[in-house]
Amino acid sequence: SSRVLWTLAVTQFKGASVLKAPYVSAKHGMLGLARTVAKEGAPHNVRTNVICPGFVLSPLVEKQIPEQAKALGIPEQEVVKNMLKGTVDGKFTDVNDLVEVATLMASFPQWRSQASPSSFRTVGSWNKGVVETT
């Protein structure tokens, strides 16, 4: 059997983000691809799941903060506040949280056989502390 784990974003569930049309479009397309791979791969024992975190303070996001501040005419702190306003603790997702979720997903035999296709909204997203299947 094989497992494919995709890391996308919570935008598939929350909708659009300002100044991010290409990013959001790509994430929606990847979710559709993941679901298709799940259906087409199932007869061959290929399982696929998607991890959907909220904002991770990655080099991409660090670059976007000043760009959005300039484009929107607001301070960088306001951009960060807007990014994190829907989270429970107002913090970015830690990459270690994503590693733990991916390890957990890959380790359970029942997830390999029964949870495909699934999307998991992880810690740091708008549902802080919740792993939810959709």
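**Brief notes about the confidence of the model for the protein**
Thought 1: For the protein, per-residue confidence averages 78 on the pLDDT scale, and 75% of positions sit at 70 or higher.
Thought 2: Per-element averaging of pLDDT across the protein places strand β4 (residues 132-133) at the bottom with 42 and helix α3 (residues 59-72) at the top with 94.
Thought 3: This stretch, residues 125-134, has a pLDDT under 50; its non-local contacts, to residues over four places away or in other chains, come to 35 contacts.

**Focus: the environment of D94**
Thought 1: By secondary structure assignment, the location of D94 is in the loop between α4 (76-84) and α5 (95-107).
Thought 2: Relative accessible area serves as the criterion here: at 37%, D94 is assigned to the partly exposed category.
Thought 3: Distance from D94 to F55, taken between C-alpha atoms, is 9.0 Å for residues 39 residues apart in sequence.
Thought 4: A polar contact is formed between the side chain of D94 and the backbone nitrogen of N96, at a distance of 2.6 Å.

**Digging into unusual backbone geometry**
Thought 1: One non-glycine residue with positive phi stands out, namely N45, at about 65°.
Thought 2: Considering the arrangement of structural elements, one finds N45 in the loop between α2 (21-41) and β2 (46-52).

**So, the pairing of β2**
Thought 1: The buried fraction of β2 is high, at six of seven residues.
Thought 2: As defined by bridge partners, strand β1 (residues 2-7) adjoins β2 across six bridges and the pair is classed as parallel. If you follow T7 over to β2, its bridge partner there is I51.

Criteria and thresholds
Residues numbered from 1 in each chain as written. Predicted model: local features only at pLDDT ≥ 70, side-chain atom pairs only at ≥ 80, totals over all residues. Heavy atoms only, no water. pLDDT = per-residue confidence, 0-100. Helix = DSSP H or I, 4+ residues; strand = E, 2+ residues; numbered from the N terminus. Contact = heavy atoms within 4.5 Å. Buried < 20%, exposed > 50% of the residue type's maximum accessible area, 1.4 Å probe, protein only. Polar contact = N/O pair within 3.5 Å; in protein donor to acceptor, adjacent residues only side chain to side chain. Pairing = 2+ DSSP bridges.

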